[in-house]
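# Coordinate inspection notes
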Amino acid sequence: MADYLGQSGKLYRISDKPFDGGGEGDIFDVINKPNIVAKIFNANNRTIERERKITIEAANKPCDIDQYAWPIDVLNSNGRFVGFIMPRISNKRKLRHIYIYDKRTGLPWSLFIAIAKNLSAAVNNVHEIHQIIGDLNTDNILVDTNDGTVALVDIDSYHISDSNRTYRCAVGMPAFVAPELQGIAFASAPLPTFTIESDRFSLAVIIFLLLFNGAHPFSCSMIQGSSSRFQPIDNIANGICAFFKDRCPQNMEIPKYAPDINMLPDYMQNLFRRAFVDGLIAPTKRPSAEEWYYALEKLENELRDCIDSKTGAVNALHIYYKGAKECPWCRVNEKMQHIRKPSQPVVPSSPMQAYVPSSQKAQIASVSTTASASLAIPSTHSVNNAQAQSASATTSKNKLSIKAKLMVLTMCIVTILAFCIYDSIKWNIKMTPEGYKNYSNEIHITSSHWPNKYSSYWPYGYSFVGTLEPGATDEYLIVTESNYLSMAFKTHTSDNHGVDITIIREDGYYMTFNSSNSGQLFFVGDYVELQQKGKYKVLISSSYKTDYVVTLDGYIDLTGGN
């Protein structure tokens, strides 16, 4: 345990081991203070600029501080800055894990309205103290799906100012960045970069995602026979928005999994128009967080349940605006009927027994039987001298056999440890694209990649490798025959910031996330589920100049590609 002194004069005792961390530092428990945690920066991140920025944040807090992982005290060790104290955020999930179409089954629309309203309040509180978030995206928003409460994290990356200078936000996820900021290098571009108006654009995008089945407002589906890169980021830059007819080309339509914007009352449609049409060229026209809050509060009181016209049964999950002509969720389900849902994996009979494919069970049984026989203990009974000598010789052989087995086991363990150490060193060096061999611009996943119907693990997958300039984007392609595919994106970069990854399906299905810098052999990675066969664009971007390797570490298919 270590003791750190806060600028407030309080002494904090920190646990020995972190429970979480990233490229900049680690998160530790504070002994006997369960409601707060400490973030301790790595030595090279303990800069004077970072200290000044966090000191400003600690002295200028928003109301409802429990909604934020906001610095509440600055930590020093031997008079030098090391980190800060912040509230503990628990029992919440990243927003991106719940809003996409394939994951929100079982959650009513009213919950997403509540999340959007609470998010608007949290953003408004930051703006009330005259500060700017900057990189507002679904990875730094945590939610409680029981009550819709939210918490904002990564506060030390905010765009913070005092009367003397601005301590910039140096990163931005392109899918949430306002059009006037697309493609710039946030770490070095002339100030101002992020503004309250750019925050308002990001907030409107997230509210839209929540209300429209996870559809990005600038996503689209191309009419058959047309060709397009179907990229929301391009559409943001070009002012194309399929949800508004006057901003939608003839060869484009809204994604199949998204409801029509006419499902909303006029006052909500007008706010989105101000954000995505009028606000494209006039950022001051974008709605404020406060406007969103009161509009969403009004919408909460104008909802109805879907009632089956034939049976009269109530569908409590299909909640929608009472002024809409039809249930938008029934309409979406009709459009999505052609997409087959994945079959369920085999459930093990014992909660402690992992599922093993049948092709491996015989091998495992054979190994188990052999091991049991070699370690069997004979029954105790009387023997004569000859038998005793024979038994003694047998015992000696058994001892030698056991010693041999122990030596083999020891060698195996040493080999595995050596491999782990080598792999860890390999991942932690500054890898460059020129030194990496196993990579591709297109990855085709066919039925040959899985041997049986239920599951398959691809232990050494392909990688996307390249070099990014600040604000640039590299484009790749994944083609899959499977209707259900789960893959882990494992990222290593030459700096410690990771990369932003955007995945877009041909019909407009869309997800985006930050894949952090892992550098560890057994790093789980960022798992992504692709629940329809077809083509997926993969866009990799960063606000920093960096070399990157993004490895697709494992494929798991539960439908056999049928």
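Keep in mind it's a predicted model, so treat the numbers as computed, not measured.

A few words now on the packing of aromatic side chains. For any pair of aromatic rings, the description consists of the separation of the ring centres together with the inter-plane angle of the planes. Scanning all chains against the criterion turns up 19 aromatic pairs. Here Phe186 and Phe194 contribute two aromatic rings whose centre-to-centre distance is 4.7 Å and whose plane-to-plane angle is 20°, an arrangement assigned as stacked. Take Phe186 and Phe194: they sit in the same class, and that class is buried. Members of the aromatic cluster, connected to one another through ring pairs, are Phe201, Phe208, Phe212, Phe218, Phe243, Phe272, Phe276 and Trp292. Taking the ring centre of Tyr267 as reference, the NZ or CZ of Lys298 above it sits at 4.4 Å.

As a further point, take the nonpolar core. In terms of nonpolar packing, the biggest core is built from 110 residues, with Phe212, Phe272 and Ile540 touching the most fellow members. One finds Tyr4, Tyr12, Leu75 and Val82 within the second-largest nonpolar core, a separate group that totals eleven residues.

Another point: the confidence of the model for the protein. Residues at a pLDDT of 70 or more form 71% of the protein, whose mean pLDDT is 77. Between residues 449-460, whose pLDDT stays under 50, and residues either more than four places distant or in other chains, the model counts 36 contacts. Note on residues 519-524: pLDDT is under 50 here. Beyond four places in sequence and across chains, it has 18 contacts.

Okay, a nonpolar patch on the surface next. Residues Ile402, Leu406, Leu409, Ile413 and Leu417 make up a contiguous nonpolar surface patch of about 450 Å² in total accessible area. Along the chain, Ile402 turns up in helix α9 (residues 385-428). Take Ile402: its relative accessible area is 37%, and that puts it in the partly exposed class.

Here helix α5 (residues 266-281) contains 16 residues, and its C-alpha end-to-end distance of 22 Å stays within 8% of the 22 Å for a straight helix at 1.5 Å per residue. If you look at α5, its biggest bend is around 40°, right at Arg274. Of the positions making up α5, those classed as buried are Met268, Gln269, Leu271, Phe272, Ala275, Phe276, Val277, Gly279 and Leu280. The inward-facing, buried residues of α5 contact α3 (196-211), α4 (232-238) and α6 (289-300).

The rules behind the values
Residues numbered from 1 in each chain as written. Predicted model: local features only at pLDDT ≥ 70, side-chain atom pairs only at ≥ 80, totals over all residues. Heavy atoms only, no water. Phe/Tyr/Trp six-rings, centres within 6.5 Å; stacked < 30°, edge-to-face > 60°. Buried < 20%, exposed > 50% of the residue type's maximum accessible area, 1.4 Å probe, protein only. Lys NZ or Arg CZ within 6 Å of the ring centre and 35° of its normal. Core = buried A, V, L, I, M, F, W, Y, C linked by side-chain atoms within 4.5 Å. pLDDT = per-residue confidence, 0-100. Contact = heavy atoms within 4.5 Å. Patch = residues over 30% accessible without salt bridge, like charges linked within 9 Å, V, L, I, M, F, W, Y side chains within 5 Å. Areas by Shrake-Rupley, 256 points an atom, 1.4 Å probe, with all protein chains shown as cover. Salt bridge = Lys/Arg side-chain N within 4 Å of Asp/Glu carboxyl O. Helix = DSSP H or I, 4+ residues; strand = E, 2+ residues; numbered from the N terminus. Expected span 1.5 Å × (residues − 1). Bend = angle between axes of the 7 residues up to and from the residue.

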